[in-house]
Amino acid sequence: MKKIVALFSSLFLFTQVQAQNFQTILDEEVNPKIPGILVSIASGDNQLTWSGAAGLDLIEPAEPLEADQTFRIASVTKTYVAASILRLMEMGILDLEDPVSKHLAPEYTAILSQDYDLDQITIRQTLRHAAGFFDHTHAPEFFDIILKTPDHEWTRTEQFQMCVDKGEPIGPPGEQFSYSDTGYVILGDIIEKYTGKNLDGGIKELLNLEELGLKRTDFEREDPKTDEKRIHQYFQGMDTYGFSPTMDYYGGGGFLSTTEELVDFFQALFQGKVFENPETLKIMLEPVTYEKKANMDYQMGMYKVKIEGMDAFTHSGFWGTQVVYIPEKDLFMAANYSSIWRGSAVAPVFGKIVKELEKGN
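To start, this report covers the structure provided alongside it. Numbers given to residues run from 1 along each chain, matching the order in which its sequence is written. Local features in this predicted model are restricted to residues whose pLDDT is 70 or higher, and side-chain atom pairs enter the listing and the counts only when it is 80 or higher, whereas totals over whole chains, interfaces and linings include all residues. Excluded from the side-chain calculations are hydrogens and water; all other atoms, namely the structure's heavy atoms, are used.

**Notes on the layout of surface pockets**
Phase 1 of the analysis: For each structure, a 1 Å grid was placed over the protein atoms alone; sets of points admitting a 1.4 Å probe that cannot get out are labelled cavities, open sets with protein on both sides within 12 Å along at least five of seven lines are labelled pockets, and lining residues have an atom within 4 Å of a point. Grid points are joined across faces, edges and corners, and a volume is the space filled by probe spheres set on the points. A volume near 740 Å³ is recorded for the largest pocket.
Phase 2 of the analysis: Lining the largest pocket are 28 residues, and of these S75, Y179, S316, G317 and F318 lie nearest its centre.
Phase 3 of the analysis: When grouped by side-chain class, the residues that make up the lining of the largest pocket number 13 nonpolar, 9 polar and 6 charged. Lys, Arg, Asp and Glu make up the charged group, whereas Ala, Val, Leu, Ile, Met, Phe, Trp, Tyr, Cys and Pro make up the nonpolar group; the residues left over, Gly among them, are polar.

Right, dumping it as structure tokens:
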């Protein structure tokens, strides 16, 4: 009995020490340019779970961040959008080889057809950012409007019109990778069309998010409790709290979430709790190659990176969010830097956490 007690005591002590070390890592990420950070970690079997926060939410007057606060996940929303389209495929509503023109609302088809032959662009190509759509967010006018009138209420129509008016097609469909929010705004419209709900409700229905226990994963303005817990996120020192969420509300982004619920969703996705058919996840993660090497190893709503030499599936978002799954470690992690980190495709905190975990093995 004494040996058993000693064993449990040593495990508890190790966990406490490990948690303290994780917190130290977070504390060291905070600096004058990055006022705060949120992180969650979970092993696939949930034997290891930890969430933490460091730094400030509001800088002046100073308010500390709390680990359960929500934030704009921006382009990480694309993982949910892609998974929703694949659910529509599973339901027999669409085929990935269908042309976009078969499913997009006529008023949007009329706009985009000014520059694009939507009969030649497939759903699969759009999911992979291989359709050749100019990204409307790359138009200089896009951020000019946001910075000058941050409360501007964007529409899907306006974003499609900007795609056509301010840029040219990147290239022939399927022949190159070119990341485009516009393509995912198209996919967002398709989800709304076939669910008869707004994008928040459509994604939740198709992916069973509420049944998965994701209570604080909502499009902004949909749940007051989720909105109330939203942190202040910063861009070039500017507090963007008052920026209208409509800037990426239609499929390129839109969700609020927490680091814990980002981890929970990735776990559900990779553990077979989202799709009806295991083959669907394989389709989502199928490798893609092009004649000219792509600048991202992008699949469908997901891309691959290296973390400490190991393959990881991930998506990141403009407002400093990233979620990752490392199959070799069966490890899930999510982070939000309240001001965007710079200099790498992977949030720096992830490599530091992996190294800390390896010390205990």
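That covers the picture; the talk isn't over yet.
**Re the pattern of salt bridges**
Phase 1 of the analysis: Within this document, salt bridges are pairs made up of a side-chain nitrogen of Lys or Arg and a carboxyl oxygen of Asp or Glu, the two lying within 4 Å of each other. Counted according to the given criterion, the structure contains 23 salt bridges.
Phase 2 of the analysis: Between R124 and E286 there is a salt bridge; the shortest N-O distance is 3.9 Å. Of this pair, R124 sits in helix α4 (residues 123-127) while E286 sits in the loop between α11 (278-284) and β9 (297-298), and the two are 162 residues apart along the sequence.
Phase 3 of the analysis: Think of it in three bands: with a 1.4 Å probe and only protein chains considered, a residue is buried below 20% of the maximum accessible area for its type, exposed above 50%, and partly exposed in between. Given the relative accessible area of 21%, R124 is considered partly exposed.
Phase 4 of the analysis: Residue D200 pairs with K204 through a salt bridge whose shortest N-O separation is 3.2 Å. In this pair, D200 and K204 are both assigned in helix α8 (residues 199-207), 4 residues apart and thus about one turn of the helix distant.
Phase 5 of the analysis: Judged by its relative accessible area of 13%, K204 falls in the buried class. Only runs of H or I of at least four residues qualify as helices and only runs of E of at least two qualify as strands under DSSP, and these elements are numbered from the N terminus.

**Some remarks on the packing of aromatic side chains**
Phase 1 of the analysis: Aromatic rings from Phe, Tyr and Trp, with only the six-membered ring used for Trp, were paired whenever their centres fell within 6.5 Å, and each pair was classed as stacked if the ring planes differed by under 30 degrees, edge-to-face if by over 60, and tilted otherwise. Applying the stated criterion across every chain yields a total of 24 aromatic pairs.
Phase 2 of the analysis: Ring centres of F142 and W154 lie 4.8 Å apart, and the angle between their planes is 45°; on these two criteria the pair is classed as tilted. In this pair, F142 sits in helix α5 (residues 140-148) while W154 sits in the loop between α5 and α6 (156-166), placing the two residues 12 residues apart along the sequence.
Phase 3 of the analysis: Overall, the relative accessible area of 2% leaves F142 in the buried class.
Phase 4 of the analysis: Centroid distance Y337 to W341: 5.4 Å. Interplanar angle 50°. Geometry classified as tilted.
Phase 5 of the analysis: The buried category is assigned to Y337, whose relative accessible area is 1%.
Phase 6 of the analysis: Taking relative accessible area as the criterion, W341 reaches 9% and is therefore assigned buried.
Phase 7 of the analysis: Here a set of aromatic residues connected by ring pairs shows up, and it is made of F142, F143, W154, F235, F243, F318 and W319.
Phase 8 of the analysis: Across from the ring centre of Y241, 3.9 Å away, lies the NZ or CZ of R230, which sits over that ring. Any Lys NZ or Arg CZ found within 6 Å of a ring centre and within 35 degrees of that ring's normal is scored as a charge over the ring.

**Focus on empty space enclosed by the protein**
The probe, sized like a water molecule, is rolled over the atoms to show the empty space still left.
Phase 1 of the analysis: Within this structure, the stated rule accounts for 3 cavities of 30 Å³ or more.
Phase 2 of the analysis: Approximately 60 Å³ is the volume attributed to the largest cavity.
Phase 3 of the analysis: Around the largest cavity sit R72, I73, A74, E220, P245, D248, Y249, G254, F255 and W319, which together line it.
Phase 4 of the analysis: Taken together, the residues of the lining of the largest cavity break down into 6 nonpolar, 1 polar and 3 charged.
Phase 5 of the analysis: Lining of the second largest cavity is provided by Q125, T126, H129, A130, A131, G132, F133, S178, S180 and G183.
Phase 6 of the analysis: Residue classes in the lining of the second largest cavity are distributed as 3 nonpolar, 7 polar and no charged.

**Concerning the environment of I123**
Phase 1 of the analysis: Position of I123 among the secondary structure elements: in helix α4.
Phase 2 of the analysis: In this structure I123 comes out as buried when scored by relative accessible area, which is 0%.
Phase 3 of the analysis: Separated by 28 residues in the primary sequence, I123 and D95 place their C-alpha atoms 7.6 Å from one another.
Phase 4 of the analysis: Non-local contacts of I123, meaning those with residues more than four positions away in its chain, are made with I85, D95, L96, D98, V100, H103, L187 and I190. Residues are treated as being in contact if the distance between any of their heavy atoms lies within 4.5 Å.

**A word on the side chain of T195**
Phase 1 of the analysis: Tracing the sequence through the fold places T195 in helix α7 (residues 181-195).
Phase 2 of the analysis: Using a relative accessible area of 12% as the deciding quantity, one classes T195 as buried.
Phase 3 of the analysis: Two N or O atoms form a polar contact when they lie within 3.5 Å of each other; inside protein one atom must be a possible hydrogen donor and the other a possible acceptor, and for residues adjacent in sequence the pair counts only when both atoms belong to side chains. A polar atom in the side chain of T195 sits 2.8 Å from the backbone oxygen of I191.
Phase 4 of the analysis: Those residues in contact with T195 that lie beyond four places of it in its chain are G202, E205 and L206.

**Details of unusual backbone geometry**
Phase 1 of the analysis: Here E60 and P61 are connected by a cis peptide whose omega angle stands at -5°.
Phase 2 of the analysis: Assignment of secondary structure puts P61 in the loop between β2 (49-58) and β3 (63-64).
Phase 3 of the analysis: The backbone phi angle of R221 is positive, close to 80°, even though this residue is not glycine.
Phase 4 of the analysis: Relative to the helices and strands, R221 is located in the loop between β5 (218-219) and α9 (224-228).
Phase 5 of the analysis: The partly exposed category is assigned to R221, whose relative accessible area is 47%.

**Side note on the sheet that holds β5**
Phase 1 of the analysis: Spatial ordering of the open sheet is given by β4-β8-β5, a layout of 3 strands whose pairing is antiparallel. Of all the strands in the sheet, just β4 (71-72) and β5 have a single pairing partner and so form its edges. Each pair of strands is called paired provided DSSP finds at least two bridges between the two strands.

**Digging into the nonpolar core**
Phase 1 of the analysis: In terms of nonpolar packing, the biggest core is built from 117 residues, with Y80, I203, F270, M284 and V349 touching the most fellow members.
Phase 2 of the analysis: Counting residues per element, this core draws most heavily on helix α2 (residues 77-90), which supplies 8 residues.
Phase 3 of the analysis: Excluding anything up to four places from it in sequence, Y80 contacts I73, I203, L207, L209, T217, F255, L262 and F265. Definition used in this section: a nonpolar core is a set of buried Ala, Val, Leu, Ile, Met, Phe, Trp, Tyr and Cys residues joined via side-chain atoms within 4.5 Å.

**Describing the environment of E220**
Phase 1 of the analysis: Turning to its location among the elements, E220 is positioned in the loop between β5 and α9.
Phase 2 of the analysis: Taking relative accessible area as the criterion, E220 reaches 6% and is therefore assigned buried.
Phase 3 of the analysis: Note: C-alpha distance between E220 and F255 (35 residues apart in sequence) is 6.3 Å.
Phase 4 of the analysis: Dropping the residues within four chain positions of it, E220 is found in contact with R72, D227, R230, P245, Y249, G254 and L256.
Phase 5 of the analysis: At a separation of 2.7 Å, a polar atom in the side chain of E220 contacts the side chain of R72.

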